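Chain by chain, the residues run as shown.
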There are 2 protein chains.
Amino acid sequence: MNSSGDSMAQADDESLLCDTGASRDTSTRDTGTLGKLVMLLDLVTHADAPLRFTDILALTNQPRGTLHRQLGHLVAEGLLELDAEGRYAPGLRLLDFASRSWARNEFRLIAAPHLASLHRETGETVHLGVLRGSSIIYLDKVEGHQPVRMYSQIGNASPCYCTGVGKAALSVLSSVQLDELLPGLHFNRFTSATHVSAESLLMEIGEIAAAGHAFDREEHEAGIRCVAAPIWSDDRSFIGGVSVTGPAYRLSMELLQEWTIPVQVTARKIMDEMRVRLGPRR
Amino acid sequence: MNSSGDSMAQADDESLLCDTGASRDTSTRDTGTLGKLVMLLDLVTHADAPLRFTDILALTNQPRGTLHRQLGHLVAEGLLELDAEGRYAPGLRLLDFASRSWARNEFRLIAAPHLASLHRETGETVHLGVLRGSSIIYLDKVEGHQPVRMYSQIGNASPCYCTGVGKAALSVLSSVQLDELLPGLHFNRFTSATHVSAESLLMEIGEIAAAGHAFDREEHEAGIRCVAAPIWSDDRSFIGGVSVTGPAYRLSMELLQEWTIPVQVTARKIMDEMRVRLGPRR
DNA sequence: AATTAAGTTCCAAATAATGGAATAACCACA
DNA sequence: TGTGGTTATTCCATTATTTGGAACTTAATT
């Protein structure tokens, strides 16, 4: 269940980069100097290996002087690290920031016990995700008995159009929100089942909205299926989802169909508790 | 083994902030606009609860207009989030950045199997940490049978002067590096055993350097002891450590004394492998 | 409705970022 | 040890962004 890696291989031109099929659209967002620096951070953290100065130069076509100073600042702040061979890699200070972000996340704290019981019921991997822009960020994961390497999945941003949680999340967006989001999607064919057009995606979203659950039929990674249900706040300011994931040989579509019920029940319980804890108005 | 929280209670003036006893010295470091923004990020991520605009205003004494734009930019980039009640909290995009930083970290990848075997040998919690500035950032953790909530500790930055890994790390610094680091330390008395002066710390560091291992005698958290050994590259450009931690009632000082050997052996194995993988020169 | 507090917008002045070009360090090979 | 090619770093006049005080809007309180 390693997410990136192999399934990334047949991606497009920039082979060094791991394009999730969304984000990296910093162009419009006007955040001045910060925007440019964050774009660099994104570039380096999402690369599959440390990048040298020249690599980054080529990837950004910024002037040498400018880029050099920007990288220098990021390194000075510990957001990037420069190794002895002159290659830039993500900095460890990011971990310090992120661990706080995770530890205090209300949604995750509320959902945790419900994820555990869904895991007990199904015996397969349970994920919790949130919609951020057009990506799903995984917030928690409950899996098998082996010591869990949590960071391997938690924190990862995956495209919304080819994951169970992502499609479930899309199904509860208002039509206004959907109209804003869809045109910005860059469809990336991860497997032969991946949606590659807004039309086919939109059609399935309609079905998901009616049914209240979504399937991932090996759309992100060959051999991996999942069933998911959306979680949302009344005013749609918060949207996420919960899913059960596993290998296709073990999870027949019939079994997934059965699990739609416990998954939806879990989503409902989490929503109910959120409404109590965070106030019903939103 | 919750790090912050209670032990933080008697900290100094700014009660909302969780001061690790170091860092937050962005003043000298000249990183222009980025420095100011990162300081804000630090402020919000390290606060114990979401902060309102006015709270941050008071904590930074920056002009209203400036602060407002800065926060706006951080929110637009997903580095902070602004909830419906107008409170700022760490943003989830940080998770995405950090998960990459962690997943690809060479040191952690090399150390992982050795940590596992040290855990098997001792049956107690094993930590891996790196020295960054005057903080120890925990990179990995192997503990009991229960599903590990890794983010709870991993990524956390703890002071170097009151943790086993921290003191072990200090013991292999060159005297030049030590002279740079010591004056910047702000000693925070977490327990009655915490070092509160550079003099007493320096004295123990001498002993640790001679012995090759360090103890934490309930210096960071009452009731918690540990034994640690340093890990370093030839040129001291990289410094970290490995430790075994547990409750004082189970870990007598005699037992910790016995464990100095497996801990040091583990550190040595990790160092040897790093020298092979990353080249001996550094 | 009046009053205070909290948050947002505006714009001339101060400051920091830009980017082209020159310089320096590095590396491989003779 | 020198030489050519590659890569990284520094410099500085120009340009664009950030700054911060003040005015303004909005929300909460009496």
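This text goes with the structure placed above it.
First, a word on what this report is: a plain description of the structure on this page. (Residues numbered from 1 in each chain as written. Chains lettered and ligands numbered in written order. Predicted model: local features only at pLDDT ≥ 70, side-chain atom pairs only at ≥ 80, totals over all residues. Heavy atoms only, no water.)

### Quick word on the nonpolar core
Ile-56, Phe-107 and Ile-231 of chain A together with Ile-56, Phe-107 and Ile-231 of chain B are the most contacted members of the largest nonpolar core, which totals 104 residues. Excluding residues that lie within four positions of it along the chain, Ile-56 of chain B makes contacts with Leu-40, Leu-43, Val-44, Leu-51, Leu-67, Leu-71 and Tyr-88 of chain B. (Core = buried A, V, L, I, M, F, W, Y, C linked by side-chain atoms within 4.5 Å. Buried < 20%, exposed > 50% of the residue type's maximum accessible area, 1.4 Å probe, protein only. Contact = heavy atoms within 4.5 Å.)

### A word on the pattern of salt bridges
For side chains bearing opposite charge, pairing can occur when the charged atoms are close. Residue and element names in this part refer to chain A. Under the definition given, this model contains 32 salt bridges over all chains. Where Glu-204 meets Arg-217, a salt bridge forms, and the shortest distance between an N and an O atom there is 3.5 Å. Within this pair, whereas Glu-204 is found in helix α8 (residues 198–211), its partner Arg-217 is found in strand β7 (residues 214–217), the two being separated by 13 residues in sequence. Here Glu-204 falls in the buried class, since its relative accessible area comes to 10%. (Salt bridge = Lys/Arg side-chain N within 4 Å of Asp/Glu carboxyl O. Helix = DSSP H or I, 4+ residues; strand = E, 2+ residues; numbered from the N terminus.)

### So, the packing of aromatic side chains
Tallying each qualifying case throughout the model produces 4 aromatic pairs over all chains. Arg-108 of chain A extends its terminal NZ or CZ atom over the ring of Trp-102 of chain A, reaching a point 3.6 Å from the ring centre. (Phe/Tyr/Trp six-rings, centres within 6.5 Å; stacked < 30°, edge-to-face > 60°. Lys NZ or Arg CZ within 6 Å of the ring centre and 35° of its normal.)

### Quick notes on the relation of the copies chain A and chain B
Least-squares fitting of chain A to chain B yields an RMSD of 0.2 Å, with the superposition described by an axial translation of 0.0 Å and a rotation of 180 degrees. Viewed as a symmetry operation, the transformation between the two copies matches a two-fold axis. (Least-squares fit on C-alpha atoms with pLDDT ≥ 70 in both.)

### Concerning the sheet that holds strand β3 (residues 87–90) of chain B
Residues and elements named next belong to chain B. An order of β1-β3-β2 is seen for the 3 strands of this open sheet, with the pairing classed as antiparallel. Only two strands of the sheet have a single neighbouring strand rather than two, namely β1 (51–52) and β2 (80–82). Pairing geometry for β2 and β3, over 3 bridges, is antiparallel. What sits directly across from Leu-80, in β3, is Pro-90. This element, helix α1 (residues 32–46), spans β1, β2 and β3 of the sheet and lies at about 95 degrees to β3. (Pairing = 2+ DSSP bridges. Axes fitted to C-alpha atoms, helices over the stretch in contact; angles between N-to-C directions.)

### Some points on the protein's contact with DNA strand D
In the neighbourhood of DNA strand D, 14 residues make up the surrounding shell, with Thr-33, Thr-54 and Arg-64 of chain A together with Thr-66 and Arg-69 of chain B lying closest. In DNA strand D, atoms within 4 Å of the protein come from the sugar-phosphate backbone in 69% of cases. Within the side chain of Thr-66 of chain B, an N or O atom sits 3.1 Å from a base nitrogen of DNA strand D. When residues in the surface near DNA strand D are grouped by element, the largest group, 4 residues, is from helix α3 (residues 64–76) of chain B. For the surface near DNA strand D, a count of residues per class yields 2 nonpolar, 8 polar and 4 charged. (Near = heavy atom within 4 Å. Polar contact = N/O pair within 3.5 Å; in protein donor to acceptor, adjacent residues only side chain to side chain. Nonpolar A, V, L, I, M, F, W, Y, C, P; charged D, E, K, R; others polar.)

### Some details on the sheet that holds strand β1 (residues 51–52) of chain A
Residues and elements named next belong to chain A. Spatial ordering of the open sheet is given by β1-β3-β2, a layout of 3 strands whose pairing is antiparallel. Unpaired on one side and paired on the other, β1 and β2 (80–82) mark the two borders of the sheet. Relative to strand β3 (residues 87–90), helix α1 (residues 32–46) is tilted by about 95 degrees, and along the sheet it contacts β1, β2 and β3.

### Observations regarding the packing of helix α2 (residues 53–60) of chain B against α3 of chain B
Residues and elements named next belong to chain B. At their nearest, the axes of α2 and α3 sit 11 Å apart, and the two run at 120 degrees to each other. In terms of axis orientation, α2 runs oblique to α3. Here α2 and α3 pass one another in a crossing that is right-handed. Between α2, through Phe-53, Ile-56, Leu-57 and Thr-60, and α3, the contact on the second element is made entirely by Arg-64, Leu-67, His-68 and Leu-71. (Parallel < 35°, antiparallel > 145°, perpendicular 65-115°, else oblique. Left-handed = near helix turned anticlockwise from the far one by under 90°.)

### Points about the protein's contact with DNA strand C
Neighbouring DNA strand C are 13 residues; Pro-63 and Arg-69 of chain A together with Thr-54, Arg-64 and His-68 of chain B lie closest to it. A share of 67% of the atoms of DNA strand C within 4 Å of the protein falls on sugar and phosphate groups. Between a phosphate oxygen of DNA strand C and a side-chain N or O atom of Thr-54 of chain B, the distance comes to 2.2 Å. Those elements that place two or more of their residues in the surface near DNA strand C are α3 (64–76) of chain A together with α1, α2 and α3 of chain B. For the surface near DNA strand C, the element with the most residues is α3 of chain A, which contributes 4 residues.

### Description of the interface of chain A and chain B
Listed per partner, the contact involves 60 residues of chain A and 61 residues of chain B. A salt bridge links Arg-132 of chain A to Glu-81 of chain B, with the nearest nitrogen and oxygen atoms 2.7 Å apart. On the surface where chain A and chain B come into contact, there are 18 residue pairs in polar contact (both at pLDDT 80 or more). Contributing elements (two or more residues each) for the side of chain A that touches chain B: α1, α3, β3, α4 (93–103), β4 (125–132) and β5 (135–142) of chain A. In terms of residue class, the side of chain A that touches chain B is built from 29 nonpolar, 15 polar and 16 charged.

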